[in-house]
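Structural description and commentary
Now for the letters of each chain:
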Amino acid sequence: MSSRRRSRQRALQILFLWDARRQPVDEAIDAYYDTLYSEEQPERDPFVANLVRGTVEHVAEVDEQISKHAEHWRIERMPAVDRNVLRLAVYEMTRGGTPAP
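Below: a short report on this structure. (Residues numbered from 1 in each chain as written. Predicted model: local features only at pLDDT ≥ 70, side-chain atom pairs only at ≥ 80, totals over all residues. Heavy atoms only, no water.)

Of regular secondary structure, the protein chain possesses five helices and zero strands. Moving toward the C terminus, one meets the helices and strands of the protein chain in the order α-α-α-α-α. For the protein chain, the computed accessible surface area is about 6,900 Å², with 51% contributed by carbon and sulfur atoms. (Helix = DSSP H or I, 4+ residues; strand = E, 2+ residues; numbered from the N terminus. Areas by Shrake-Rupley, 256 points an atom, 1.4 Å probe, with all protein chains shown as cover.)

Encoded structure:
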């Protein structure tokens, strides 16, 4: 699995945690890394932090874009995983930039 794919998975897990607890984003990132088993303790990936912080920082704009295209669905009624997958994807596509080849 590529490192960017793994980073996106981790970012989604952190966004889910942030969405469920509505805690500050840095606390959600710390809580995620603190709960990993000791043998899984990865180094903190700056790409994960950028994705999570950027998505949370622009969540109102991202949710507005999703709402415009989600027929018969309000953001708060979407399943939490779906909502955060969409948030992460919209943020990365609109503001994330293009990675180097």
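What follows picks up the thread again.
With 27 residues, the main nonpolar core has Ile 14, Ile 29 and Val 52 as its most contacted residues. Of all the secondary structure elements, the ones that give two or more residues to this core are α1 (3–21), α2 (25–35), α3 (46–57), α4 (59–69) and α5 (80–95). Apart from the residues within four sequence positions on either side, Ile 29 is in contact with Ile 14, Arg 44, Ala 49, Val 52 and Arg 53. (Core = buried A, V, L, I, M, F, W, Y, C linked by side-chain atoms within 4.5 Å. Buried < 20%, exposed > 50% of the residue type's maximum accessible area, 1.4 Å probe, protein only. Contact = heavy atoms within 4.5 Å.)

Moving on: the packing of α1 against α3. Close contact between α1 and α3 brings their axes to 9 Å; oriented N to C, the two are set at 40°. In terms of their interaxial angle, α1 and α3 are classed as oblique. Classified by chirality, the crossing of α3 by α1 is right-handed. The residues of α3 that touch α1, namely those facing Arg 4, Ser 7, Arg 8, Arg 10, Ala 11, Ile 14, Leu 15 and Trp 18, are Phe 47, Val 48, Leu 51, Val 52, Thr 55 and Val 56. Looking at the contact of α1 with α3 residue by residue, the class counts come to nine nonpolar, two polar and three charged. (Axes fitted to C-alpha atoms, helices over the stretch in contact; angles between N-to-C directions. Parallel < 35°, antiparallel > 145°, perpendicular 65-115°, else oblique. Left-handed = near helix turned anticlockwise from the far one by under 90°. Nonpolar A, V, L, I, M, F, W, Y, C, P; charged D, E, K, R; others polar.)

The subject of this paragraph is the packing of α1 against α2. Running from amino to carboxyl end, α1 crosses α2 at an angle of 125°, the nearest separation of the two axes being 9 Å. With respect to α2, the axis of α1 lies oblique. As for how α1 packs across α2, the hand of that crossing is right-handed. Contacts between α1 and α2 involve Arg 10, Gln 13, Ile 14, Leu 17, Trp 18 and Arg 21 from the first element and Val 25, Ala 28, Ile 29, Ala 31 and Tyr 32 from the second.

Once that is clear, we can look at the packing of aromatic side chains. Evaluated as defined, the whole model comprises one aromatic pair. Between Tyr 32 and Tyr 33 the ring centres are 5.3 Å apart and the planes differ by 75°, which places this aromatic pair in the edge-to-face class. Tyr 33 gets classed as buried once you look at its relative accessible area, which sits at 4%. One cation-aromatic arrangement involves Arg 4 over Phe 47; the distance from NZ or CZ to the ring centre is 4.0 Å. Its guanidinium or amino end placed over the ring of Trp 18, Arg 22 lies 4.5 Å from that ring's centre, counting from NZ or CZ. (Phe/Tyr/Trp six-rings, centres within 6.5 Å; stacked < 30°, edge-to-face > 60°. Lys NZ or Arg CZ within 6 Å of the ring centre and 35° of its normal.)

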